[in-house]
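Understanding the architecture of this molecule
Letter by letter, the chains look like this.
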Amino acid sequence: MSLIPSLFGNNRVLDPFSTISDLWSPLGSNEVSTFANAQVDWKETPEAHVFKADLPGLKKEEVKVEVEEGRVLQISGERSVEKEDKNEKWHRVERGRGKFLRRFWLPQDAKVDEVKASMENGVLTITIPKVPEPKPQVKSVEITG
C-alpha cells in the first residue's frame, strides 16, 4: 500500500485510505470542522479507477482536481464562511467550512492524461481510465514430420 506525506507542515506519513478527518480540517483552525466528515470512495472497475467524494453545498468552482508529480491525485477546495449581516444573530454554526485537501497515489495502470471529473448533487466523481492489460501473444508452432 502506498503512503504519501501530508502537506500540513508536519512530517507524518498518512495512509491514502485513512479517515478524511486526518486531512479535511480547516487550515489555521484548532477545531475539527464537520466538513471533515465528508467521505471519499475509491473503486476499481476493469476499465477505470473511480473516486466519489461527498462535498455537500459546494459548487464545482470551489473544488479543484489535479494530478501532481505524474501519479498523485489531489482533491482540494474551500467552503467559505457566510457573510454576517448586522441584523442577524447566529445561534449555532455546525456546518463545516474552511480549506480541505485529499491526496491519493495512483497505480501504474492509471491513464493520468485522461482524467475526467464531474459534480452533481454535491457528489464529485473522478474517473481515471486504466491502461488495458497486454494480452499474451500466442504463436502457433507448426508440427512437422
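Sequence positions are assigned chain by chain, starting from 1 and proceeding in written order. Given that the model is predicted, a residue must reach a pLDDT of at least 70 before its local features are reported, and side-chain atom pairs must reach 80 or more before they are shown or counted; all residues, however, enter totals for whole chains, interfaces and linings. In computing side-chain properties, one takes all heavy atoms of the structure into account and sets aside hydrogens as well as water.

For the protein, an unreviewed UniProt entry supplies the name SHSP domain-containing protein and the organism Castanea mollissima. UniProt positions are given in the numbering used here, feature names are shortened, and annotations may be inferred rather than shown by experiment. Taken verbatim from the UniProt record of the protein, the Subunit (unreviewed entry) comment is "Forms oligomeric structures." Word for word, the UniProt comment on the protein under Sequence similarities (unreviewed entry) is "Belongs to the small heat shock protein (HSP20) family."

Structural notes on the environment of K111
As for its position among the elements, K111 is in the loop between strand 7 (98-105) and strand 8 (116-120). Only protein chains enter the accessibility calculation, which uses a 1.4 Å probe. A residue is then buried if its area is under 20% of the maximum for its type, exposed if over 50%, and partly exposed in between. Under the relative-accessibility criterion, K111 is labelled partly exposed at 26%. Separated by 41 residues in sequence, K111 and G70 have C-alpha atoms that sit 10.0 Å apart. Working rule for contacts: check all heavy atoms of both residues, and any pair within 4.5 Å makes them a contact. Dropping the residues within four chain positions of it, K111 is found in contact with I128, P129, K130, V131 and P132. What counts as a helix is a DSSP run of H or I of at least four residues, what counts as a strand is a run of E of at least two, and both are numbered from the N terminus.

Some details on the sheet that holds strand 5 (residues 63-68)
As a general point, the strands of a sheet are linked pairwise by backbone hydrogen bonds and lie either parallel or antiparallel. Paired strands are those between which DSSP finds at least two bridges. Taking strand neighbours across the sheet as the criterion, the three strands line up as 5-6-7 in an open arrangement whose pairing is antiparallel. The strands lining the two open edges of the sheet, one partner per strand, are strand 5 and strand 7. Geometrically, the sheet is characterised by an average inter-axis angle of 15° between neighbouring strands, direction not taken into account. Judged from the six bridges that link them, strand 5 and strand 6 (residues 72-79) form a sheet pairing that is antiparallel. Angles here are taken between N-to-C directions and fall from 0 to 180 degrees, while the axes themselves are lines fitted to C-alpha atoms, restricted in helices to the stretch in contact.

Focus on the environment of E69
Of note, E69 is situated in the loop between strand 5 and strand 6. Classification of E69 by relative accessible area gives exposed; the value is 66%. On a C-alpha basis, the gap between E69 and W105 in space is 9.8 Å, while along the polypeptide they are 36 residues apart.

As for the layout of surface pockets
For each structure, a 1 Å grid was placed over the protein atoms alone; sets of points admitting a 1.4 Å probe that cannot get out are labelled cavities, open sets with protein on both sides within 12 Å along at least five of seven lines are labelled pockets, and lining residues have an atom within 4 Å of a point. Grid points are joined across faces, edges and corners, and a volume is the space filled by probe spheres set on the points. By volume, the largest pocket amounts to about 320 Å³. In terms of lining residues, the largest pocket is bounded by 16 residues, among which S80, V81, E82, R95 and R97 are the most central. Residues were grouped as follows: Ala, Val, Leu, Ile, Met, Phe, Trp, Tyr, Cys and Pro as nonpolar; Asp, Glu, Lys and Arg as charged; and all remaining residues, including Gly, as polar. Counted by class, the lining of the largest pocket contains four nonpolar, three polar and nine charged residues.

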